[in-house]
Each structure stands twice: as C-alpha cells, then as structure tokens.
Amino acid sequence: MVIQRWQTVFLLIAAIMMGIFCFSTVAEIHVGESVKGFRVADAPVFLTVNVLIAALLVLSIFMYRNIRRQMLMTLVVIVLVAASMVTGGFILYGGMNGGGSVELLVSDLLLVGTAIFALLAYYRMRRDHKLLTSYDRLR
C-alpha cells in the first residue's frame, strides 16, 4: 500500500509562502503626506523568526520517516507563525509607525496562508498516523 504524502506538498507550499513573506513589503505607514513601506527586513528579530519558520518548514519536509517528530515540528511551526503574527501586530501598531496610520497589504495573507497550510499538513500527518497504527493492529 502506498500512502499519498499530501502533507509534503502542504509543507512545501507553506515554506514558499513564508519565504516570499520574508522579503516582501507587508504594510504602508502613512504619516501626514509621506508613505513609508514596512518590510520584514526592517525589524531584524522579526526577520530572524520568520526565516527560522521557513527553515523549520523545509526541515519538516525531510522528516517523513519519523511521523511523530514531523508532527511535533509542524506544531512548533504553527505556534511560531502565531507568535510571528502577534509580533508583527505589536511592531506595526505598537509604536514603530511614528503616530501614523497603518495600511496592511495583501502580502500579509502569506502569513495567514502559511498557518493554514501548516495546519492542513498537520491534519494529513495525523490522518496518516492513525492509518498506520490501524494497519499495525491488524498485523
């Protein structure tokens, strides 16, 4: 029996989305008449966390032989993506904007998409794990 590894595809899509997010402009800050674009690279710690998330997603792809470890790594990635969302909100709305208004861009959906695809991958891993344990019981 061959188990289709859809979680690998979902993890790859999430890693690509996170990589694009790391190098895109995520918000525009309007102060008076001037408009300043905020990139992830403008906050080095934020960039480091997001690059770490992308690296963990790629590393998780290659952990297919140990599904429990792959599931754990994916859960860690999901938690880090949630932390990245919160951190990005604090950076944008917490004082780095200089009293201006913040306009989020479409590239912010890449972070949400990363979380969704990581959750889909975890769901497929859990489903494969249940399938494998049911076959082990039959042997």
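Our structure's up above, just so we're on the same page.
As the structure is a computational prediction, the values presented were derived from the model and not from experiment.

Definitions and limits used
- Residues numbered from 1 in each chain as written.
- Predicted model: local features only at pLDDT ≥ 70, side-chain atom pairs only at ≥ 80, totals over all residues.
- Heavy atoms only, no water.
- Pairing = 2+ DSSP bridges.
- Helix = DSSP H or I, 4+ residues; strand = E, 2+ residues; numbered from the N terminus.
- Axes fitted to C-alpha atoms, helices over the stretch in contact; angles between N-to-C directions.
- Contact = heavy atoms within 4.5 Å.
- Buried < 20%, exposed > 50% of the residue type's maximum accessible area, 1.4 Å probe, protein only.
- Lys, Arg positive; Asp, Glu negative; His and termini not counted.
- Salt bridge = Lys/Arg side-chain N within 4 Å of Asp/Glu carboxyl O.
- 1 Å grid on protein atoms, 1.4 Å probe; cavity = no way out; pocket = protein on both sides within 12 Å on 5 of 7 lines; lining within 4 Å.
- Points joined across faces, edges and corners; volume = space filled by probe spheres on them.
- Nonpolar A, V, L, I, M, F, W, Y, C, P; charged D, E, K, R; others polar.

Caption draft 1: Spatial organisation of the sheet that holds strand 2 (residues 34-39). Taken together, the 3 strands give an open sheet; going across it, the order is 2-1-3, and neighbouring strands pair in antiparallel fashion. With one partner strand each, in any of the chains shown, strand 2 and strand 3 (101-104) form the two edges of the open sheet. Looking at each pair of strands side by side, their axes are set apart by 25° on average, direction ignored. With 6 bridges connecting them, strand 1 (residues 25-31) and strand 2 associate as antiparallel partners. Looking at strand 2, one finds that histidine 30 is bridged to valine 35. Docked against the sheet, helix 3 (residues 67-93) engages strand 1, strand 2 and strand 3, running at close to 145° with respect to strand 3.

Caption draft 2: View of the side chain of aspartate 108. Mapping aspartate 108 onto the fold places it in the loop between strand 3 and helix 4 (109-138). Within the buried set, aspartate 108 has no salt-bridge partner at all; the shortest N-O distance to an opposite charge, 12 Å, is to arginine 39. Those residues within four positions of aspartate 108 in sequence are excluded, and the remaining contacts are Phe21 and Val26.

Caption draft 3: Focus on the layout of surface pockets. In this model, the largest pocket occupies a volume close to 180 Å³. Taken together, 14 residues make up the lining of the largest pocket; nearest its centre are Met85, Gly88, Gly89, Asp108 and Leu111. Secondary structure elements with two or more residues in the lining of the largest pocket: helix 3 and helix 4. Sort the elements by how many residues they give to the lining of the largest pocket and helix 3 lands first, with 6 residues. Residue composition of the lining of the largest pocket, grouped by class: 10 nonpolar, 3 polar and 1 charged.

Don't take any of this as a statement about function, it's just geometry.
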